[in-house]
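Commentary on secondary and tertiary structure
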Amino acid sequence: MADRTVATRPFTLGAGSFTLDESTGAPVQFIDAESPDRRFLLELTSSWHSDEHQWGSGFVITDKGAVRWNAPSDLEWTQTSNRAIHTASQDLRIVVERDWENEQLRERYTFRNISESPMSLRSVGIQTPFNDVYEGASDALAQAVHAHVWTGGSWAWVLAEPMSGQGRTLGLIVRRGALSAYSIESRNPNTLSNARGHIVLHPTDAGRNPSAFGGQTPILLAPSESWTIEWTVGWYEHTEAFIEDTAPPALLDDVAVPWTEPLLITTSQPVVFESGEVAFTDDGVVLRAATPGLHTVRIGDSATELLFHAPVSEVVSDRVRYILTHQTAIERSGTLSHAFVPVNTETFLTQLTNGWSDWTDGSERISMAILIQQARLRGLVGDDADAALDGWAAFARQHLLDSTAAPRRGSQDHHTGPRLYDAPWLALFFAMRAEHLRSQGAHDRAASELDLAACILERAYELGAERFLAILQSDAVERVANDLEQTGDSHRAASLRDLLVVSARSFVAAGRDLPAHEVHYEQSIVAPLTSLLASAYRLTGDEVFLPALEERIDWMMAFGGPQPHARLRDISIRHWDGYWFGQRRQWGDIFPHYWSTLTAVALLRLPEHMVTPDRRRHADNILAANMANFGRDGWATCAFIFPSTVDSEPAHTADPLANDQDWHLVMWLMLDEWDLAPLR
């Protein structure tokens with residue numbers, strides 16, 4: 001398609017510049033002088049980014065009707081400001097004022113009731129089209145940004161961070177008024193998984209999802225009364241400088257803790273916590289929850305959610321019982337009856353594959369088998385789980401592996417061919433099963449299972465795993481190689497390790513030129529890459545891997561933001577799995593998504609001298625936050641879709657399907673086994 005262009009006016013902005021649309025007065029692009037190729041906002045060259053989503057456009061839903069604004073009816077310019085008037089309807093006038101005399105762009109959006117009767121603004125949405133897209137690894141790292149959104153009331157902001165983790169950030173900070181929600185638009189089969197969509201900021205979204213983000217309150221205007229939200233946009237050298245400029249009303253060292261532990265909030269603001277006890281200290285308050293779960297906390301004019309989670313070992317035991325009770329395919333014949341499948345947690349009806357690969361009885365569902373095997377090894381479940389594990393092992397051998405030990409995606413979709421992602425997961429299961437069988441004295445059976453684990457990994461490398469960043473690949477290779485070594489097969493162990501090291505060297509040489517996977521560029525590419533390089537250094541001691549590791553850690557950490565919310569802090573942005581894995585098939589940001597735990601694994605398995613206190617703290621935050629996906633008696637969700645709405649459909653809710661979320665528990669148990677992160 002032909003490029004669309006608009007006439008713009010350029011202006012200096014601190015350490016960079018920005019351009020404004022000559023006909024609307026709205027920002028078109030922000031440019032960092034030190035990184036001129038980076039685009040902080042979407043450009044009209046994207047087929048799905050239209051004029052109607054231009055920065056500062058928006059909509060209002062009122063009790064008198066709904067309106068949108070885009071092109072102003074009147075626009076006034078000076079050298080350092082402009083003023084756009086939108087006569088949205090006979091009842092509502094919107095005035096957008098901008099000035100940029102100092103180091104920052106200041107924007108004010110004023111909504112005035114011009115009718116002769118009261119008006120209720122039930123939803124107000126303002127477009128902020130940050131360039132959060134994945135065209136490919138090299139393009140994303142050089143040109144795109146992660147938009148970390150925090151809509152906590154009067155304390156609200158957006159931090160647009162380069163995907164490389166290097167260079168200046170662009171920060172939006174609310175200075176007057178409040179933001180209570182955000183939504184996502186343009187998420188559909190056209191944008192698929194490689195674009196986050198359009199980010200819309202909301203002073204309120206009560207008209208579309210009144211319960212979102214702890215509750216949305218309409219804005220009430222008397223005749224001739226107005227309401228204003230004002231924010232600034234500017235450059236920041238690093239995240240710490242940005243957070244300081246937001247004037248935080250509170251300091252939260254933790255946003256997720258075990259429910260029996262206290263949580264400290266350092267603040268001079270009043271704190272409201274209706275889900276437990278509040279003890280006042282000289283510096284703030286200490287909260288203790290009455291029950292496990294996510295609980296709303298109000299701090300002055302701001303609000304957030306904090307997580308007090310049940311003990312991990314208890315959640316694991318509950319999940320195993322739930323899986324064995326509700327997530328088996330017992331209606332099938334033969335070994336097929338031993339498969340673990342997704343289940344609707346509202347109806348307890350298991351989900352058929354329906355030709356949809358992410359609902360199969362293989363692939364990500366392998367996490368359930370691994371979790372049960374881990375729980376059995378640790379004594380978190382009894383020997384009544386052995387029959388299920390024996391049955392699943394037979395099912396996997398017959399239906400999830402072909403005659404060459406290549407992984408199939410599931411028993412019902414042979415047509416999709418081998419899936420390299422599944423190889424390390426199957427290898428981990430059979431390696432853990434071998435350990436269990438050895439502990440039971442069944443040494444011949446254990447040797448057979450370990451041999452199969454090795455065969456699966458060897459076959460994966462034959463199929464191209466050297467240039468594929470399969471999740472937990474390096475962890476599986478290290479485990480299987482160590483087990484082979486301990487059982488006397490040093491030659492085979494060395495061969496597997498050599499394959500890992502060759503792969504790591506190829507990715508060091510590739511630099512930013514990473515191959516596309518199921519998504520062109522994502523955290524679950526970068527975190528396995530980081531783990532791969534750390535494994536290679538552990539095996540060789542070759543310092544060529546160290547600078548490569550530091551750079552990729554920056555890439556990995558850029559996916560997570562500093563928001564003071566249990567579902568958000570340090571959690572990697574991911575925004576497609578509600579559609580692929582969920583029952584409701586809804587796009588939109590998933591917070592927290594269990595693969596964010598890969599970042600914790602990668603950080604804690606770094607060379608010892610690289611595991612700084614900050615990195616350990618980030619890892620601990622991620623592990624605790626993902627406990628939000630589990631509830632009482634083994635309940636779980638594969639996706640909490642975080643925005644208030646996605647393409648105007650209500651969200652901010654947990655999908656009812658328990659599907660693939662158990663990987664988080666699997667990884668925490670692995671970290672505990674390695675003495676890197678004790679269960680809490």
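Residues numbered from 1 in each chain as written. Predicted model: local features only at pLDDT ≥ 70, side-chain atom pairs only at ≥ 80, totals over all residues. Heavy atoms only, no water.

It is worth spelling out the overall build of the protein chain at this point. Counting secondary structure elements, the protein chain contains 15 helices and 31 strands. The principal-axis extents of the C-alpha atoms in the protein chain amount to approximately 85 × 55 × 50 Å. With 680 residues in all, the protein chain has 60% of them scored as buried. Each charge sign in the protein chain was given a centre, from 54 positive and 90 negative side chains, and these centres are 2 Å apart. (Helix = DSSP H or I, 4+ residues; strand = E, 2+ residues; numbered from the N terminus. Buried < 20%, exposed > 50% of the residue type's maximum accessible area, 1.4 Å probe, protein only. Lys, Arg positive; Asp, Glu negative; His and termini not counted. Charge placed at Lys NZ, Arg CZ, Asp CG, Glu CD.)

By the definition in use, this model includes 47 salt bridges. Measuring nitrogen to oxygen at the nearest pair gives 2.9 Å for the salt bridge that ties aspartate 245 to arginine 175. Taken together, the residues aspartate 245 in helix H2 (residues 239-245) and arginine 175 in strand E13 (residues 169-176) connect sequence positions 70 residues apart. On the accessibility criterion, aspartate 245 (28% relative accessible area) is partly exposed. Take arginine 175: its relative accessible area is 34%, and that puts it in the partly exposed class. (Salt bridge = Lys/Arg side-chain N within 4 Å of Asp/Glu carboxyl O.)

Think of an α-helix as 3.6 residues a turn; residues three or four steps apart then line up on the same face. Most of helix H15 (residues 663-673) is tucked away: ten of the eleven residues are buried. Listed as buried for H15 are Trp663, His664, Leu665, Val666, Met667, Trp668, Leu669, Met670, Leu671 and Asp672. Where H15 is buried, its residues meet helix H3 (312-326), helix H4 (366-378), helix H6 (422-439), helix H8 (473-486), helix H13 (597-604) and helix H14 (613-625). Positive phi shows up at aspartate 675, right after H15, with a value of about 60 degrees. (Contact = heavy atoms within 4.5 Å.)

It is worth spelling out the packing of H4 against H15 at this point. Two numbers describe how H4 lies on H15: the axes approach to 9 Å, and their chain directions differ by 35 degrees. Here the hand of the crossing between H4 and H15 comes out left-handed. Residues Ile366, Ser367, Ile370, Leu371, Gln374 and Arg378 of H4 form the contact with H15, whose own contacting residues are Trp663, Leu665, Val666, Leu669, Met670, Asp672 and Glu673. A class-by-class count of the residues in the contact of H4 with H15 yields eight nonpolar, two polar and three charged. (Axes fitted to C-alpha atoms, helices over the stretch in contact; angles between N-to-C directions. Left-handed = near helix turned anticlockwise from the far one by under 90°. Nonpolar A, V, L, I, M, F, W, Y, C, P; charged D, E, K, R; others polar.)

Okay, unusual backbone geometry next. Here the bond from phenylalanine 591 into proline 592 is cis, since omega is -10 degrees, no more than 30 degrees from zero. You will see that aspartate 647, though not glycine, has its phi angle at about 50 degrees, which is positive. With a relative accessible area of 31%, aspartate 647 lands in the partly exposed category. In this structure, serine 648 is a non-glycine residue whose phi angle is positive, near 75 degrees. Inspection of the secondary structure assignment puts serine 648 in the loop between strand E28 (645-646) and strand E29 (649-650).

Now for the sheet that holds strand E1 (residues 8-13). By way of backbone hydrogen bonds, the strands of a sheet pair with one another, either parallel or antiparallel. What the three strands build is an open sheet, ordered E1-E2-E3; its pairing is antiparallel. The open sheet terminates on both sides in strands that have one partner only, identified here as E1 and strand E3 (27-32). Within this sheet the neighbouring strands show an average axis-to-axis angle of 20 degrees, counted without direction. Relative to strand E2 (residues 16-21), E1 runs antiparallel, the two being bridged by six bridges. (Pairing = 2+ DSSP bridges.)

This brings us to H4. Between the first and last C-alpha of H4 there are 19 Å, a value that for 13 residues agrees with the 18 Å anticipated at 1.5 Å per step. Tucked into the core, H4 has its buried residues touching H3, helix H5 (386-400), H6 and H15. Of the residues one or two after H4, glycine 379 is the one with positive phi, at around 75 degrees. (Expected span 1.5 Å × (residues − 1).)

With respect to the helices, strands and loops of the structure, glutamate 103 is situated in the loop between strand E8 (92-99) and strand E9 (105-113). Of the residues examined, glutamate 103 reaches a relative accessible area of 57% and is grouped as exposed. Each C-alpha atom of the pair glutamate 103 and glycine 511 lies 35 Å from the other, and the pair is 408 residues apart in sequence. In contact with glutamate 103, not counting residues within four places along its chain, are Leu13 and Gly14.

In terms of burial, strand E25 (residues 302-309) is a largely internal element, seven of the eight residues being buried. As paired strands, strand E19 (residues 256-258) and E25 are joined by three bridges and run parallel to one another. Residue pairing for E25: valine 257 is matched across the bridge by phenylalanine 308. The pairing of strand E24 (residues 293-299) with E25 spans seven bridges and is classified as antiparallel. In the sheet register, glycine 293 faces E25, and the bridge partner there is phenylalanine 308.

We describe a pair of aromatic rings using the distance from one ring centre to the other and the angle between the two ring planes. Using the criterion set out here, one finds 39 aromatic pairs in the structure. Summarising the aromatic geometry, the rings of tyrosine 182 and phenylalanine 213 are spaced 6.1 Å apart at their centres and angled 55 degrees between planes, so their arrangement reads as tilted. With a gap of 31 residues between them, tyrosine 182 in strand E14 (residues 181-185) and phenylalanine 213 in the loop between strand E15 (198-205) and strand E16 (219-221) connect regions that are remote in the sequence. Comparing tyrosine 182 with phenylalanine 213 shows no difference in burial state: the two are buried. With centroids separated by 6.5 Å and ring planes inclined at 25 degrees, the aromatic side chains of tyrosine 421 and tryptophan 425 adopt a geometry described as stacked. Ring pairs connect the aromatic residues Phe11, Phe18, Phe30, Trp55, Trp77, Trp100 and Phe130, which therefore count as one cluster. (Phe/Tyr/Trp six-rings, centres within 6.5 Å; stacked < 30°, edge-to-face > 60°.)

With respect to the secondary-structure elements, serine 123 resides in strand E10 (residues 119-127). The exposure class assigned to serine 123 is buried, which follows from its relative accessible area of 0%. Within the structure, serine 123 has its side chain in polar contact with the side chain of aspartate 205 (distance 2.8 Å). Contacts of serine 123, omitting those with residues within four sequence positions, involve Phe59, Val60, Ile61, Thr204, Asp205, Ala206, Gly207 and Arg208. (Polar contact = N/O pair within 3.5 Å; in protein donor to acceptor, adjacent residues only side chain to side chain.)

With that settled, consider the nonpolar core. Counting residues in hydrophobic clusters, the biggest one holds 214 residues, and the most contacted among them are Phe30, Trp231, Ile265, Trp392, Tyr521 and Trp663. Ranked by the residues each element gives to this core, the list is headed by H6, at eleven residues. Each residue touching tyrosine 521, except ones within four places of it in the same chain, is listed here: Tyr134, Gly136, Ala137, Ala140, Leu141, Met163, Leu514, Val526, Trp555 and Phe559. (Core = buried A, V, L, I, M, F, W, Y, C linked by side-chain atoms within 4.5 Å.)

The next thing to look at is the side chain of aspartate 361. Within the element layout of this structure, aspartate 361 appears in the loop between strand E26 (343-344) and H4. Polar side-chain contacts of aspartate 361 include one of 2.7 Å to the side chain of arginine 332. Polar contacts involving the side chain of aspartate 361 include one to the side chain of serine 411, which spans 2.4 Å.

Now for the environment of tryptophan 227. You can see tryptophan 227 is positioned in strand E17 (residues 226-236). The spatial distance from the C-alpha of tryptophan 227 to the C-alpha of leucine 121 is 9.8 Å, given a sequence separation of 106 residues. The contacts of tryptophan 227, once residues within four sequence positions are left out, are Tyr109, Thr110, Phe111, Gly177, Ala178, Pro203, Ile219 and Leu221.

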